Amino acid sequence: MSNEIRQEIDFEELKRQNLRSAKARKRKKFIIFSIVYTFLAALVVISIIPFWIVIINATRDGMAISTQGITIFPGSSLMENYRILTDNVDIVRGFLNSLKIATLVTFLSGYFSALTAYGFHMYDFKGKNVLFGIILVFMMIPSQLAFLGYVKWMTQIGLMDTHAALIIPAVASIGTVFFLRAYISSALSKELIESARIDGAGELFIFHRIGLPLMAPGVATMSIFTFIGSWNNYLSARVILSSKANETLPMVISSLKALRIWHQNQGAIYLGFAISIVPIVIVFIFASKYLIENISAGAVKG
Amino acid sequence: MKKIKDRVGYLFISPFFLVFFLFNAYPIFFTLYLSMTRYKGYGPKLFIGAENFMLIFKDPNVVDAFMNTIKIWGVNIVFQVFLALLLVMVFSDIKYKVKGLGFFRVIFYLPNLIAAATIALVFVKLLDKDYGVLNQFLFSIGWINESIGWLTKPILAQMSVSGIQTWMWFGNSFILFMASVQAVSKETYEAAAIDGAGRFQVLKNITLPSIKPILMYVMITGLIGGLQLFDIPFLITDGRGFPEGSLNTMIVYIYNMAFVYKNYGYASALSFALFILIMTFTVVFTVMTNRNEIREFLERRKVNKERKKKLMSSKGSANNE
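Residues numbered from 1 in each chain as written. Chains lettered and ligands numbered in written order. Predicted model: local features only at pLDDT ≥ 70, side-chain atom pairs only at ≥ 80, totals over all residues. Heavy atoms only, no water.

Caption draft 1: Just the overall build of chain B, in detail. Secondary structure summary: chain B contains 13 helices and 2 strands in total. Relative to a compact globule of 321 residues, whose C-alpha radius of gyration would be 20 Å, chain B shows 27 Å and is clearly more extended. With respect to the three principal axes, the spread of C-alpha positions in chain B is 100 × 75 × 45 Å. Only carbon and sulfur atoms are counted for the fraction: they give 65% of the accessible area of chain B, which is about 17000 Å². Treating the 33 positive side-chain charges of chain B as one cloud and the 19 negative ones as another, the clouds have centres 9 Å apart. (Helix = DSSP H or I, 4+ residues; strand = E, 2+ residues; numbered from the N terminus. Rg over C-alpha atoms; globule rule 2.2 N^0.38 Å. Areas by Shrake-Rupley, 256 points an atom, 1.4 Å probe, with all protein chains shown as cover. Lys, Arg positive; Asp, Glu negative; His and termini not counted. Charge placed at Lys NZ, Arg CZ, Asp CG, Glu CD.)

Encoded structure:
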């Protein structure tokens, strides 16, 4: 009898203990999640706050920026800032030049890399392995360090201070060819091409009608990287281009620092930054999934 | 018939190789030639052999530029890897599942997309001694009493560039690390949890080993990128590499040597030396990470050679008989 009662008390105690430890666990979980999310939130703020400041300040007038510091809400001086900015620099021309160069570079790099990768994959010609070996070796060579030789060579062949000197090299994009060569072996079957040949189609026709469309996803992925790289390129544009009319957007942006408005009309300066940042952010928002997947895939392959 | 078809391949690859030889390979050899001349960038070129290369060893600025790069890279890589590892720990924990990996990856990668030229000038504004947002902020919360010259004091300027580099690249490292952790099967982590492994045991025995190859990759590419750092130090310092030469990196120095001091030949020698240094890093790294593949390849070749030898000798003896 007394034994039974004792047992019952034990159960109750056990239940209480369980409840208490569940509460403790819950509290611990809450604390850990608070710490983790605070840490993540802090990193998010650090990552985007410079963008935020740039975009907000692009809409405020210089006086307000100097006296009030940063604010959360935008101002109303966007049009005024734009007028001041375009009075001082030709940012529209810089934007259009950059757009023209980046678009042509992306197109040439995509098309000719696909053509080259297809050529290496589909045909067995003499010296094929040696030629591909050259591509492999040059992938390791930091050829952008040859920019001094490149500048003098461009002077000799009369391409100095032309956009062509920045665009033509895109025909030989070593990294893209290498990537597409790996991509093509999974995307394209030789049987398909054979059957097209039996139907009597020409080789280039087959490439344009069957090869290129099948390689399109791979080409698109690389194109995003190519576009961003070209849009952001500063050093080679700086050493090749000299006349004002040819300047690219990063060159226009970098010339802002020498202007009188650098301190006087900060809003206009920030608007300049925003004009160079926003297009890339928009491209990224649409393409981020492919971009990040591609970076991740590179990590797993090692 | 097949042979003729295959020759079409040359047609497909010829535009690439034409441009490749003219715009890619030739400039490298041309730079090598220029590095062996005394040349101002205009006027006559005088061939002087290896003299420019001997000069590099006597140039104290080269050592300075190299040390600046190492300092900027060193501080940057420590913080970059530390942050990325913390994030990987957060997102790979199976007990406390944190949501929103996709969102955070995108946000953390954002700084990596912007032109370094723009980033440099944005930070010149934000870190300005008198009008900068950072100093204004630190004033208003009362942490500082007088403005700090983030970009005008030599050591602070280097640390600021390290900070900017970390800001730009930690998201990239995080994505790379996270991908290699996700390649490890979930069961491994679950088994470890069932066996009662603590968080740090998991980190030490599962997470870190799976990251190790990509960690090496991040460090080496970071170093190679650091050696080629140009836009940010160049624009922060108006191209001079000041304060007190603390932001004088190799490419800033090469640029000034060629276009400001008009020693085009010597600048070419400097860029060729940097070229060789970076190649060496790349080759050593590639060999190190692909050690197994290379060993297999060499063994296979050895086996093949021996087989050929045997074949030859047996053929030879057959002929003798």
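Still more ground to cover, so stick around.
Caption draft 2: Representation of the overall build of chain A within the structure. A count of helical and extended segments in chain A gives 14 helices and 0 strands. Starting at the N terminus and walking to the C terminus, you meet the elements of chain A as α-α-α-α-α-α-α-α-α-α-α-α-α-α. For the C-alpha atoms alone, the extent of chain A along its principal axes is close to 105 × 70 × 35 Å. For chain A, restricting intrachain contacts to residue pairs at least 6 apart in sequence, the fraction spanning at least 24 positions comes to 71%. Surface summary for chain A: the accessible area is close to 15600 Å², and the carbon and sulfur share equals 65%. Of note, chain A has its 27 positive side-chain charges centred 6 Å away from the centre of its 17 negative side-chain charges. (Contact = heavy atoms within 4.5 Å.)

Caption draft 3: Quick peek at the pattern of salt bridges. All names here are of chain A. For the coordinates displayed, the defined rule picks out 9 salt bridges over all chains. D87 is the salt-bridge partner of R83, the closest N and O atoms lying 3.1 Å from each other. You can see R83 and its partner D87 sitting in helix α3 (residues 78-88), 4 residues apart, about one turn around the helix. The exposure class of R83 is partly exposed, given its relative accessible area of 43%. Each of E80, R83 and D87 takes part in a single network of salt bridges with overlapping partners. (Salt bridge = Lys/Arg side-chain N within 4 Å of Asp/Glu carboxyl O. Buried < 20%, exposed > 50% of the residue type's maximum accessible area, 1.4 Å probe, protein only.)

Caption draft 4: Expanded view of the packing of helix α9 (residues 190-198) of chain A against helix α10 (residues 203-232) of chain A. Residue and element names in this part refer to chain A. Two numbers describe how α9 lies on α10: the axes approach to 10 Å, and their chain directions differ by 145°. Taken as a pair, α9 and α10 cross one another with a handedness that is right-handed. Here L192, I193, A196 and R197 of α9 come into contact with α10, specifically with E203, I206, I210 and L214. Grouping the constituent residues of the contact of α9 with α10 by class yields 6 nonpolar, no polar and 2 charged. (Axes fitted to C-alpha atoms, helices over the stretch in contact; angles between N-to-C directions. Left-handed = near helix turned anticlockwise from the far one by under 90°. Nonpolar A, V, L, I, M, F, W, Y, C, P; charged D, E, K, R; others polar.)

Caption draft 5: Examining the layout of surface pockets more closely. Taken as a whole, the second largest pocket encloses approximately 980 Å³ of empty space. Lining of the second largest pocket is provided by 29 residues; of these, I46(A), F123(B), L127(B), L134(B) and W167(B) occupy positions nearest its centre. Looking at the lining of the second largest pocket, the elements with two or more residues in it are α1 (2-57) of chain A together with α3 (60-92), α5 (116-126), α6 (133-140) and α7 (154-183) of chain B. With 9 residues, the single largest contributor to the lining of the second largest pocket is α7(B). Each residue belonging to the lining of the second largest pocket can be placed in one class, and the counts come to 24 nonpolar, 5 polar and no charged. (1 Å grid on protein atoms, 1.4 Å probe; cavity = no way out; pocket = protein on both sides within 12 Å on 5 of 7 lines; lining within 4 Å. Points joined across faces, edges and corners; volume = space filled by probe spheres on them.)

Caption draft 6: Looking closely at the confidence of the model for chain B. Residues and elements named next belong to chain B. When pLDDT is averaged across chain B, the result is 87; 96% of the residues are at 70 or more. Of all helices and strands in chain B, the one with the weakest mean pLDDT is helix α13 (residues 291-320) (78), whereas helix α2 (residues 51-58) scores best (93). Interface confidence for the predicted complex, given as ipTM, is 0.85, next to a pTM of 0.87. (pLDDT = per-residue confidence, 0-100.)

Caption draft 7: Summary view of the nonpolar core. Y118(A), F273(A), F91(B) and F108(B) are the most contacted members of the largest nonpolar core, which has 189 residues in total. Those residues in contact with F273(A) that lie beyond four places of it in its chain are V54(A), I253(A), L256(A), W262(A), T118(B), L121(B), V122(B) and K125(B). (Core = buried A, V, L, I, M, F, W, Y, C linked by side-chain atoms within 4.5 Å.)

Caption draft 8: Summary view of the environment of A197(B). Residues and elements named next belong to chain B. Relative to the assigned elements, A197 resides in the loop between α8 (186-194) and α9 (199-227). The partly exposed category is assigned to A197, whose relative accessible area is 30%. Not counting chain neighbours up to four residues away, the residues in contact with A197 comprise A192 and V202.

Caption draft 9: Just the interface of chain B and chain A, in detail. Chain B puts 90 residues into the contact, and the matching count from chain A is 92 residues. Summing both partners gives a buried area of about 8300 Å² for chain B against chain A, and 79% of it is carried by carbon and sulfur. Among the residues chain B hides against chain A, the three largest losses belong to F12(B), F16(B) and K125(B). Together they make up 10% of the total. Our count for the chain B to chain A interface comes out at 1 salt bridge. The shortest N-O distance in the salt bridge between K257(A) and D238(B) comes to 3.2 Å. One can count 18 residue pairs in polar contact (both at pLDDT 80 or more) joining chain B with chain A. Across the side of chain B that touches chain A, the residue classes break down as 67 nonpolar, 13 polar and 10 charged. (Buried area = accessible area lost by both parts, 1.4 Å probe. Polar contact = N/O pair within 3.5 Å; in protein donor to acceptor, adjacent residues only side chain to side chain.)

Caption draft 10: Representation of the domain arrangement of chain A in the model. Each assigned domain of chain A is listed here: domain 1 (1-68) and domain 2 (90-258). Each of domain 1 of chain A and domain 2 of chain A has a C-alpha centre, and the two are 49 Å apart. (Domains from an automatic or database assignment.)

Caption draft 11: Spatial organisation of the packing of helix α5 (residues 128-140) of chain A against helix α8 (residues 174-187) of chain A. All names here are of chain A. α8 packs onto α5 with a crossing angle of 125° between their chain directions and a minimal axis gap of 9 Å. Between α5 and α8, the angle is such that the two are oblique. In the packing of α5 onto α8, the handedness of the crossing is left-handed. For the pair α5 and α8, contact is made by F132, I135, L136, F138 and M139 and by I174, V177, F178 and R181, respectively. (Parallel < 35°, antiparallel > 145°, perpendicular 65-115°, else oblique.)

Caption draft 12: Quick look at the side chain of R105(B). Considering the arrangement of structural elements, one finds R105(B) in helix α4 (residues 101-109). With sequence-adjacent residues up to four places away left out, R105(B) is seen in contact with I292(A), S296(A), F174(B) and I175(B).

Caption draft 13: Seen up close, a nonpolar patch on the surface. Residues and elements named next belong to chain A. Together, L78, M79, Y82, V92, L96 and L99 make up an exposed nonpolar region whose accessible area comes to about 540 Å². Structurally, the position occupied by M79 is in helix α3. For M79, a relative accessible area of 61% translates into the label exposed. (Patch = residues over 30% accessible without salt bridge, like charges linked within 9 Å, V, L, I, M, F, W, Y side chains within 5 Å.)

Caption draft 14: Quick peek at the side chain of Q266(A). The residue Q266(A) is located in helix α14 (residues 266-301) in this model. Take Q266(A): its relative accessible area is 5%, and that puts it in the buried class. Look past the residues within four positions of Q266(A) in its chain and what remains in contact with it is G62(A), I65(A), S66(A), I261(A), K125(B) and Y131(B).

Caption draft 15: Examining unusual backbone geometry more closely. Even without being glycine, D161(A) reaches a positive phi, approximately 60°. Along the polypeptide, D161(A) turns up in the loop between α6 (147-156) and α7 (164-167). The residue D238(B) is not glycine, and still its phi comes out positive at about 55°. Tracing the backbone shows D238(B) in the loop between α10 (231-236) and α11 (250-259).

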